[in-house]
Amino acid sequence: MVTTLTTPQTNTWVDVFATKKGAVYQSDAERCWYVDFAGKVARFDYRCLLKLKKAVYNVDIEAKLLETTKDPDVEIIFICACDHTYILTLLQIIALKEILEGTFVMLQLNQILQDRLYRIAV
Amino acid sequence: MKDLIRIRSLISAQVETLLNQQVKKEAYSSSVYLAMASWCNRNGFDFSSDYFFKQAEEEREHQLKFYKYILDMGGNAISPDVSGIKQEYNSFREVFEDALDQEVSVTQSIKNIYAQCLKEQDYVTNEFLNWFLKEQREEEYKARRALELFEVIGEEGTGRWEIDKHVGKIKYDSEA
Ligand SMILES: [Fe+2]
Ligand SMILES: [Fe+2]
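If you're wondering where the values come from, they're calculated on a predicted model, not measured in any experiment. (Residues numbered from 1 in each chain as written. Chains lettered and ligands numbered in written order. Predicted model: local features only at pLDDT ≥ 70, side-chain atom pairs only at ≥ 80, totals over all residues. Heavy atoms only, no water.)

Comments concerning the coordination of the iron ion (ligand 2)
All names here are of chain B. Using the following cut-off: Here a donor is an N, O or S atom found within 2.8 Å of the metal, or within 3.2 Å if the metal is Na, K or Ca; sites may look incomplete because water is not among the atoms. Angle rules define the geometry names used: all angles between 85 and 135 degrees makes four donors tetrahedral, while opposite donors over 155 degrees apart and all other angles between 65 and 115 make four donors square planar and six octahedral, leaving every other case irregular. Note on conventions: DSSP H or I runs of at least 4 residues are helices, E runs of at least 2 residues are strands, and numbering of each starts at the N terminus. Burial here depends on accessible area, computed with a 1.4 Å probe over protein chains only, as a share of the maximum for the residue type. Under 20% is buried, over 50% is exposed, and the range in between is partly exposed.
Coordination of the iron ion (ligand 2) by the protein is provided by E59 (OE), E103 (OE), E103 (OE) and E139 (OE), with metal-donor distances spanning 1.9 to 2.6 Å. Each of the 4 donor atoms around the iron ion (ligand 2) contributes to a set of angles spanning 53 to 146°, which defines the coordination as irregular. Positions of the donor residues of the iron ion (ligand 2) along the chain correspond to the pattern E-x43-E-x35-E. The distance between the iron ion (ligand 2) and the iron ion (ligand 1) comes to 3.4 Å, and E59 binds to both of them. A residue pair is termed long-range when its members are at least 10 positions apart, and E103 in helix 4 (residues 92–120) and E139 in helix 5 (residues 123–153) qualify at 36 residues. Residue E103 shares its accessibility class with E139, and that shared class is buried.

Re the packing of helix 2 (residues 13–42) of chain B against helix 3 (residues 46–72) of chain B
Residue and element names in this part refer to chain B. Quick note on the threshold: A fitted line through C-alpha atoms represents every axis, and for helices the fit uses only the stretch in contact; the resulting angles, taken between N-to-C directions, go from 0 to 180 degrees. Small angles under 35 degrees read as roughly parallel and large ones over 145 as roughly antiparallel, with 65 to 115 read as roughly perpendicular and the rest as oblique. For any helix crossing, the convention is left-handed if the near helix is rotated counterclockwise from the far helix by under a right angle, and right-handed if that rotation is clockwise. Ten residue types, Ala, Val, Leu, Ile, Met, Phe, Trp, Tyr, Cys and Pro, are classed as nonpolar, four, Asp, Glu, Lys and Arg, as charged, and the remainder, Gly among them, as polar.
For the pair helix 2 and helix 3, the least separation of the axes is 8 Å and the interaxial angle reads 165°. The angle between the axes of helix 2 and helix 3 places the two elements in the roughly antiparallel class. Handedness of the helix 2/helix 3 crossing: left-handed. In terms of residue class, the contact of helix 2 with helix 3 is built from 15 nonpolar, 10 polar and 5 charged.

Quick word on the UniProt feature "binding site: Fe cation" (unreviewed entry) in chain B
All names here are of chain B. The condition that has to hold: UniProt positions are given in the numbering used here, feature names are shortened, and annotations may be inferred rather than shown by experiment. For this analysis, residues touch if any pair of their heavy atoms sits within 4.5 Å.
UniProt feature "binding site: Fe cation" (unreviewed entry): in the numbering of this structure it lies at E26, E59, H62, E103 and Q136. What stands out for the annotated residues spanning 111 residues is how close their C-alpha atoms remain, the widest pair being 12.7 Å apart. By secondary structure assignment, the location of E59 is in helix 3. Secondary-structure assignment places H62 in helix 3. For H62, a relative accessible area of 2% translates into the label buried. Ignoring any residue separated from it by four or fewer positions in sequence, one finds H62 in contact with E26, W131, F132, E135 and E139.

Here we look at the pairing of strand 5 (residues 40–44) of chain A
All names here are of chain A. Basically, it comes down to this: One bridge is not enough; two strands pair if DSSP finds at least two bridges between them.
Among the 5 residues in strand 5, 4 count as buried, and that is most of the element. Alignment of strand 4 (residues 32–37) against strand 5, held across 5 bridges, turns out to be antiparallel. Across the sheet, residue Y34 finds its bridge partner in strand 5, namely R43.

Description of the packing of aromatic side chains
Note the cut-off: Note on ring pairs: Phe, Tyr and Trp rings are taken, using the six-membered ring of Trp, and paired if centres are within 6.5 Å. Classes follow the plane angle, with under 30 degrees stacked, over 60 edge-to-face and the rest tilted. Put simply, a charge is over a ring when the Lys NZ or the Arg CZ is close to the ring centre, within 6 Å, and near the line of the ring normal, within 35 degrees.
Applying the stated criterion across every chain yields a total of 17 aromatic pairs over all chains. Relative to Y25 of chain A, the ring of W13 of chain A lies with its centre 5.6 Å away and its plane at 40°, an arrangement referred to as tilted. Highlighted residues: W13 of chain A in the loop between strand 1 (4–5) and strand 2 (14–18) and Y25 of chain A in strand 3 (residues 23–27), separated in sequence by 12 residues. By the ring-pair criterion, three or more aromatic residues cluster together here, those being Y33, W39, F45, Y51, F52, Y89, F92, F96 and F150 of chain B. Across the ring face of Y57 of chain A, the terminal group of K97 of chain A is positioned such that the distance to the ring centre comes to 5.7 Å.

Rendered as structure tokens:
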């Protein structure tokens, strides 16, 4: 099922991380994330979010910058068994990578907070 | 905000990556030992060939142990590509030198995962790794003992034939 929205449901979603170029929200109720980027809001479950991260991190940005061929500098981010495909320029990839890096730092921070506040006996 | 990631998986992404690399390393070891079994067999060292067949099987078991652990903890186990296996050796001794190198590299690799787990306080994975640390004691001992046979028996005359016979008898039975 492809879930693509145009506007974020910010009343039920929690902000995870945002830049001027886009944002990631978490829905506790649906146990998933929504990625607001490149003109669409796409739903990602746990597996798909990890696949998106891997796909974006695997783009060799430096090599792309040094490339001298006349090919258009677009990259297709296709995530196997997930519903979304992104067709992005190099600048967009850099922007998405920044958003994802921030997102995973925040998710890790959230884990530390949950541990400290609720999980560890004191 | 719910901790959705921890709910899904006991191990961190980093530990998962390291464990998958270890899966590959064990699969590689298994293939290396299989090539050694073939070389020894072709060159008339039947006891050593049997020894390496057994080692190849053990490495496959190690691979599956890591593989299943990753899955059981909620991670994604990746079936590894294995290539670049050396098929020919210059001497009987070289086979055992390579075998020891391989075991040393496996020990170091497991120590590295252990260190990462300590850093993350992933004591669950550390406890899982304890079995492998003990196993490496035996693996390195056996590989080192085999090489020692070349020193104490010597390769001259029927030396290699004698060494081969003793390789089949190498055992490690420390209870400590
Ligand atoms: Fe092993
Ligand atoms: Fe081994």
